[in-house]
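Structural overview
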Amino acid sequence: MDTKTAIKKHKTAVLFLLVLISAVFLAACGVVTPQEVPEKPEVKSITIGGKPVGIQDFAPGQTWQLSAAVVTTVPGGEADFTVVWKSENEKTATVDRTGLVVAAAPGITRISASAGGKEDSFELCLRGALSGIALLDKPAENEVFYTGEKKDFPYAPEPMLTDAFEVYAATSDQAVARVELNQTTGTLGVVAGLIKGDAVITVRIEKADAPAVTFSDTFIFKNGGEKPLRYDFDTYTEDMSYTARHGNAAITDSAAELPDGAASAKALTFTSSSENASEPGVEFAIHNSAKYGPAGNYRLSFKLKIISHSGGERLLVRLFDSDTEKADSAARKWELAGVFTAITDGATIDLPPQPAANRTFDKLFVGLDGIGKIDFVITDILWQRTPLTEITINNKPAGTIDLRTYANAAADEGKTDKIYRLGIANGGSDGNDYRALMRWSSDNDGVAAVDSNGFVTLKANGTAKITVGMVGTGL
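Residues numbered from 1 in each chain as written. Predicted model: local features only at pLDDT ≥ 70, side-chain atom pairs only at ≥ 80, totals over all residues. Heavy atoms only, no water.

**Some remarks on the sheet that holds strand 12 (residues 165–171)**
Which entries qualify depends on this criterion: DSSP calls a pair of strands paired once it identifies at least 2 bridges connecting them. A run of H or I in DSSP becomes a helix once it reaches four residues, and a run of E becomes a strand once it reaches two; helices and strands are each numbered from the N terminus. What counts as an axis is a line fitted to C-alpha atoms, over the stretch in contact for a helix, and the angles between N-to-C directions run from 0 to 180 degrees.
Taken in spatial order, the 3 strands make up an open sheet running 12-15-16, and their pairing is antiparallel. Only two strands of the sheet have a single neighbouring strand rather than two, namely strand 12 and strand 16 (210–223). Between one strand axis and the next, the sheet turns through 15 degrees on average, direction left out of account. The sheet contact formed by strand 12 and strand 15 (residues 197–207) spans 7 bridges and is antiparallel. Bridging from a neighbouring strand, tyrosine 168 pairs with arginine 204 of strand 15.

Here it is, written out as structure tokens:
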């Protein structure tokens, strides 16, 4: 073997040896070639099998065996993942680790299966036989509503998912409370009527195809009548001001002696300055004529406690209307209501709403009837709207309406496109609107029909009588 061949073989051997040493060294250091790294499987999707289709009729203990098909990026990789099963509402149905679902009660739950960050789910609906109805958010025991106020009470069938049903509502006294059922929203609206008292409100549910299967729920609805406006002593001078006559008057945070049953800790205290004054007391001037007495819609009441007195034997309460003042006789200024109450030291007097009739006034005097001395405390001044005693229709047509020209009448005459607008003169505009309690009717809808707002649609020649009444009053 010549020298060149020997050298070539030697170089090859050395190169092989170096490659072998490098491989051993790299292996010892934990380094492997890319071809030796196994691919880590990831979940591409998970699909639940065996899902019940549609609404299921509930049967206690009923089961459904579900399965979960997991697809991974590497064939056979699903073995590396554990499927986790879950029921959102275990009161309706449970599911174990094998996917076995067990029915517990009528209702709705969502069953899910998850693995490797992927999830599939479905809604399980179990329908039960109708077993009742529940009124939600019933009034508290002492909760009171006032004329015209409305509250909606949600209701729900029991169970929530049940047979087809119909719901009905009733009141024991339409004058105290009337009901408005809305089956679309699942609410029972109750409107307080004109009459103060209690009404039993009933909501009834029955199976649509078997009316004999019926259930009900009830509650007491308390109507406090017309809601009084409680006079706030903190903002006293905004609506009323007072002047002491033959004495001193002041509003105090905590009067020494409050009337029995007073709701407010603030009071107006009057103390006479003389033993021989003529009609000592307090005169109130009413400034907010749109809100209080001068509008003729409200009556006034208050609590008063007699601390001490001498001389006159009666409490004098007089109302004065400036519009009726007579220049020829100062005494006739106070010509509306005179309320005389016997005086007993330490006694609480509940002044009934004054005046008794719909009469306006803009001044009020409270004091001693006669010559003497009186000290008293006033609190809980309330304004209450005068009850409606009659209904008057506005905008009545003066005579026969000509249909041929009616459509061209001016809108400000209350007529547009053969619609005649009637109204209520005394329907109320102060928050407790009587108009919600009005019921319009026509005795001949073929000639003229009227809607709930008093809009009359003229249809044909003839005569129709339009009537309006108020729920539960006979008006």
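**Overview of the packing of aromatic side chains**
Note on aromatic pairs: each is described by the distance of the centres and the angle between the planes. Worth spelling out the cut-off: Pairing of aromatic rings covers Phe, Tyr and the six-membered ring of Trp, with a centre-to-centre limit of 6.5 Å; geometry is then stacked below 30 degrees between planes, edge-to-face above 60, and tilted otherwise. Here the term buried applies to any residue with accessible area under 20% of the maximum for its type, exposed to any over 50%, and partly exposed to those in between, with areas from a 1.4 Å probe on protein chains only.
Taken as a whole and judged by the stated rule, the model has 3 aromatic pairs. Geometrically, the ring pair formed by phenylalanine 145 and phenylalanine 221 is stacked, given 4.6 Å between the ring centres and 10 degrees between the ring planes. Of this pair, phenylalanine 145 sits in the loop between strand 10 (132–135) and strand 11 (150–158) while phenylalanine 221 sits in strand 16, and the two are 76 residues apart along the sequence. By relative accessible area, phenylalanine 145 is classed as buried at 7%. With relative accessibility at 0%, the residue phenylalanine 221 sits in the buried group. Ring centres of phenylalanine 153 and phenylalanine 219 lie 4.8 Å apart, and the angle between their planes is 50 degrees; on these two criteria the pair is classed as tilted. Of this pair, phenylalanine 153 sits in strand 11 while phenylalanine 219 sits in strand 16; the two residues are 66 residues apart in sequence, bridging distant segments of the chain. A single burial state applies to phenylalanine 153 and to phenylalanine 219, both of which are buried.

In short, shape yes, function no, at least from these values alone.
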